[in-house]
Every structure is written in structure tokens, then in C-alpha cells.
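Commentary on secondary and tertiary structure
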Amino acid sequence: MRSASEASAVETAAEPAIRVEHVSVTYRTSIEKNPTLKTTLMRLGRGERLVSEIKALRDVSFEVPHGTVLGIVGANGAGKSTLMRTIAGILPPTEGRVEVHGRVSTLLALGVGFNRNLSGRENVILGGLAAGLDRDHLEEKYDEIVEFAELEEFMDLPMRAYSSGMYGRLAFSVAVHMDPDILLIDEALSVGDARFRRKSFAKMRELCEQARTILIVSHALGSIRELCDQAVWMHKGTMKLWDAPDAVIDAYTEFLGVREAVIDKEDV
Amino acid sequence: MSTTSTEQSSGAAAAQGASRGRRRAVDDIFGERHVYEPHRVGLPPLGRYARMVWRRRAFALELSRTNMRAQHLNTVFGQLWLLLNPVLLGMVYFLLVDLLRQHSRGFAFFAHLLAGLFLYQIVQTSATDGARSVVKGGRLILNTAFPRTLLPIASVITAFKRFLPTLLVYAPIHLIAGLPVDWQLVYLIPVVALMVIFASGLAMLLSAAQVYFRDLSSFLPYVLRIWLYVSPVLYYYDEVPSKYKPILDVNPLTPILASWSDVLDKGHAPRPGFLLLGVAWAAVAFAAGFLFFVSREREFAVRI
């Protein structure tokens, strides 16, 4: 009996939090912002189609062990956000396989607040329920979320009345308070004013120290250098480099041809 | 979305008992496991999908409740307007039909008209509300993995919750009109159930189509009005001239609305033919709507 549990413990350590195997994501999307039946019918008459195919990820494979804080850097359109969405299960892979162990909390580009006519409270509750949390757990966390976001007097206002900073603060607060095993954060480290940024950075560091698995997409290279213990550089849908953050950032900035000092000043 | 969690092992892995044992040990510690893979025929495993929908049912209920609150339907006057609107509409239609038929219509017909309008509103609300549901949930779809069918289903829940109080308005009118009251009224339950199932299929179909054709919801009011006119609401099914019968016979709502009228106006069980046809239409609409939606929903995140 004892040997069996020992064996499973060993294998558990070997099991990564996230395993991405030969994943490619190709999707077709319409070029029009607002596709309508009318324009579609008119185009059919002329025999043209307005659909473009985007190869967002090409044969990406990697494993993220439990407790790793992984930074993802890359130019716009390199496939960083698609990678995050694929790991979150929002965008299924066209080829390959993604295996995720643990509860995932996402803070991807747009965050909470899907309906601007609903209040902050309603958005938080609905977002949490959609993510599969049960109501009791949500109610328990709710006050903590609001307190951290410092939005006590705004929670019953419709979110269209929120400033973009308040929006970002609430989104960040929801994502980090869900007790996730795996946290996916896309371009959301620098929200709110300088004080809140410091606070969110401190919270991030706290989470990073709690042996959670965290994936951070950011252009703030300074934060990646400071928070992450691994980094990956995505380029045109492929993984260009996987190494320690310093090495990746050096290679990346060299590739971009910008001095890092300039970027660092814009961080935090 | 193909999400595999603890109790279900991944689709292909039936053979590997050893690896399953290992996975269970991992899941004991980390609670959840998700596998995302491409689907072979564009559909996720349906049984697992249905379980996921059931597990998140609280979300659909809350979404419906929140949307009703946003439309002030939780206030007294909001509720009152919900009831007043179809009653006024019923009066307008009654006047119109009575005029056209040289004042041959009695109060019993008004009861029939109102009951029909109330039931038709389930389809109407599900369709108009449902069509927008996915596009409206855009940000949530971009940020969270969950079965998207919950969005149109929330619209159907709203439609059903709006339908229930109308029964209270109808009840006294039914009594005043002297229409039959007996145990046959229990047949109303399966008839409403058929309507809700049909409306769910329609809502899923329209909400997925709306992603591709954003002007769909602007056509809908016209389609729904014409649909009402070719349904046995503004007249009794049996008085339709044989010239127009074929139109009513291909209308999927005819058997359901005619059954409704059979029970309420005549006080007898729905004609078996209608009931069977109604079941068939509801099943077809639900299956078509569900399969179309689920085969498309993985694309929503890049189309919205």
C-alpha cells in the first residue's frame, strides 16, 4: 500500500500542470466587422467570399510543471493570446492536444464585465458562475474581491459608468481571488493608477510564491524578468526560445532592436 | 469545448488502465483535469456536454434573472407592463377580427385569442431574446470556457418566467367566458412543455446564426408577426378554409397551438394527431438547433 502511494507521489511530481502537444490553431474569421445576411447574399451574387484563414499557432509543444511562473513575450500577432485561450479551453486546437491539471482562472485581455449594462456585482457573480464556481464559494470571496479592487461604492452601478482603470482593477481582483491552481494573465498587469499597480504587482508576487502555476503574457519585460522563473518567446505562431527570463528577454529585445532601458521605463 | 474532468477518462484512453490509475492520483490532489482536443466530426461528446450544461445550470438561471432585472421586470410596474402588453394586443386583434367578421365573435373567442397570444409569446421572447444572447455575451465568451448553449437557454428561461404570470391573467377570463374547467386541463402541461422545447431549439439556432449574420435580429420581428398570422391564434384551426390549410399544416406551431385551443376552448384532450406532430416538431427543432449550435460554438470566440 505504502509503496503504491509513494509511486503515485513520484508520478504526480512528474505530471506537469499544463502539457501542450503539437498544438496548431488555425481559424477562419470573417473580415467584416459586422457580417450581415444582406452583404453575404450580395457577395454570393458576385461569387466572392470574405473569410480569411489565420494560422495563429503552428505545432507548439511544451510542458509547464506545477508551480512554474512562465512569462510569454512576443510581438503583436505572435500567437500569445491564442495560446492562452487554447490552454483556457476557449479556443480548441485544430491539431494536437492540450492537457491541463487544476482549476484555471483567466484574465485575458478583456477581463470581467461582459455586459456593461449590468452592475459590477452582477458581472462578478455571472462571470464566476460561468467559470464553474459554486455560489457559496463566490459569495465567500465577493467581499474580498471588492475590497481589493477598492470599488465598494461602485459595485451596484452599471459597469458602463466605470472608468477603464476601475474596469481593469475589478477584472484583476476577480482573477486573483478565485484560488486558481493555474492562473492565465494576458496583458493585465498594468491596470489602474500607480498605487494600484504596485498593489497588484505585490499580489502577483505573493501568488508566484504560493507555488501556483502562472502564465503571464506581457510587454512589460521588467515585470516578466522579476516575476517569472521561465520565459518563452513566441514568434509568428511558433516557439522561438524557451529559457530563463533574462536570456529570453535579452534575445527578444535584441531581435526587436530596442534598448531595454526604454521599455523598462514604461513598466510599472 | 471538450472538457474532460475527474470522473470521465479521456475519449481514446479506454485501454490504458494503468495510466488512468495514475491520473486519478493526480486528480485527487489537483481536483480537476481538462483535456482539449480537436473533435472528429465537429461535435463534442454529447453526453459529457449535457453534464457540463447541467453542472452550470446556476449560471443560466442567474443570467435570466439578471437580464429580467435589467429590463426592470422585477418591479411591480415592469411586471404589470408585461401583462398589460399582450392584453392590449389581444384587444386590438379582437377588435380587428370582430370587425372583419361582421361582429360575430363572442367573449369566448377573446379568451382563445388571449390564450394563444400568451403561449405564442414563449416562442417570440425566446427567439428575439435568444438571437442576441450569444453576441451579447461576447466578452464572457472570450474570457471563459463554458458550454455556450447556456446563453440561449437563459433566454428560454426568461420567456418561461414571463409566461407563468400571464396564466393568472387568463384564468378569470377563462371563467367569465364560461369555458370548460375539468381534469382535461392537465393536458396543458405537456403542450407548454412542447412549446418550451421547440422554443429552445429555435433560440439555439437563431443565436448561432446571429453570430454570422448580425442583421438577423432586425428581420425577426417581421418573421414572427407573419408566423403568428399563419398560426391558429387569430382564428380557430377548424374554421380555416381548405385553401389555406396547407400553409397551416406545414407550420410547426400549428399542432401545438391547436392542441392548446383544443384543451382550453373545447375542454377535451388534444387530438392525437396534433400531439404526435407537436412532439415530432419539437424534437426536430430541438435536435437541429442544438446540433447546429454545438457544432459551431467553438468558433464563436474568433467570430465575435
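Throughout what follows, the structure given in this document is the object of discussion.

The rules behind the values
- As a convention, each chain's residues are numbered from 1 in the sequence order in which they are written.
- Here chains are named by letter from A upward and ligands by number from 1 upward, in the order in which they appear as written.
- The predicted origin of the model limits local features to residues at a pLDDT of at least 70 and limits the giving and counting of side-chain atom pairs to 80 or more, whereas totals for whole chains, interfaces and linings rest on all residues.
- Calculation of side-chain values draws on the structure's entire complement of heavy atoms; hydrogens and water are dropped beforehand.
- Throughout, a residue-residue contact means that at least one pair of heavy atoms, one from each residue, lies within 4.5 Å.
- Buried area is calculated as the accessible area (1.4 Å probe) missing from two parts once they are joined, with the contributions of both summed.
- Criterion for a salt bridge: a side-chain nitrogen of Lys or Arg within 4 Å of a carboxyl oxygen of Asp or Glu.
- Each polar contact in these results corresponds to two N or O atoms within 3.5 Å; when the atoms are within protein, one needs to be able to donate a hydrogen and the other to accept it, and residues that are neighboring in sequence are counted only if both atoms are side-chain atoms.
- Secondary structure follows DSSP: runs of H or I at least 4 residues long count as helices, runs of E at least 2 residues long count as strands, and numbering of each begins at the N terminus.
- Amino acid classes used here: Ala, Val, Leu, Ile, Met, Phe, Trp, Tyr, Cys and Pro are nonpolar; Asp, Glu, Lys and Arg are charged; the rest, including Gly, are polar.
- A pair of strands is considered paired only if DSSP assigns at least 2 bridges between the two.
- Sulfur atoms of two cysteines make up a disulfide when they are within 2.5 Å.
- Type-normalised accessible area, obtained with a 1.4 Å probe on protein chains alone, sets the label of each residue: buried when under 20%, exposed when over 50%, and partly exposed for intermediate values.
- Expected helix span is computed as 1.5 Å times (number of residues minus one).

Quick look at the interface of chain A and chain B
Counting from both sides, the interface comprises 57 residues of chain A and, opposite them, 47 residues of chain B. Between chain A and chain B, a total of about 4500 Å² is buried, with carbon and sulfur atoms accounting for 59% of that surface. At the boundary of chain A with chain B, the tally comes to two salt bridges. Notably, a salt bridge pairs E122 of chain A with R69 of chain B, separated by 2.9 Å at the nearest N-O pair. Where chain A meets chain B, there are nine residue pairs in polar contact (both at pLDDT 80 or more). For the side of chain A that touches chain B, the secondary-structure elements that each account for two or more residues are α1 (2-14), β1 (18-30), α2 (37-46), α3 (80-88), β4 (95-101), β5 (104-107) and α4 (120-130) of chain A. For the side of chain A that touches chain B, the leading source of residues is β4 of chain A, giving seven residues. Partitioned by chemical class, the residues of the side of chain A that touches chain B number 24 nonpolar, 20 polar and 13 charged. In this structure, β4 of chain A lies alongside strand β1 (residues 33-36) of chain B, joined through four bridges in antiparallel fashion. Bridging from a neighbouring strand, V98 of chain A pairs with Y36 of chain B of β1 of chain B.

Here we look at the state of the cysteines
Residue and element names in this part refer to chain A. Per the counting criterion, the structure on display carries zero disulfides over all chains. The thiol of C228 is unpaired, and the distance to the nearest cysteine sulfur, on C208, comes to 6.7 Å. In this structure C228 comes out as buried when scored by relative accessible area, which is 8%.

A short note on helix α3 (residues 57-70) of chain B
Taking 1.5 Å of rise per residue, 14 residues should cover 20 Å, and α3 of chain B covers 20 Å from first to last C-alpha, within 8% of that figure. Of all the residues in α3 of chain B, the buried ones are F59, A60, E62, L63, S64, T66, N67 and M68 of chain B. If you follow the buried residues of α3 of chain B, they end up packed against α4 and α5 (135-149) of chain A together with α5 (107-136), α6 (138-143) and α7 (150-176) of chain B. Taken from the residues just after α3 of chain B, H72 of chain B is the one with a positive phi, measuring 60°.

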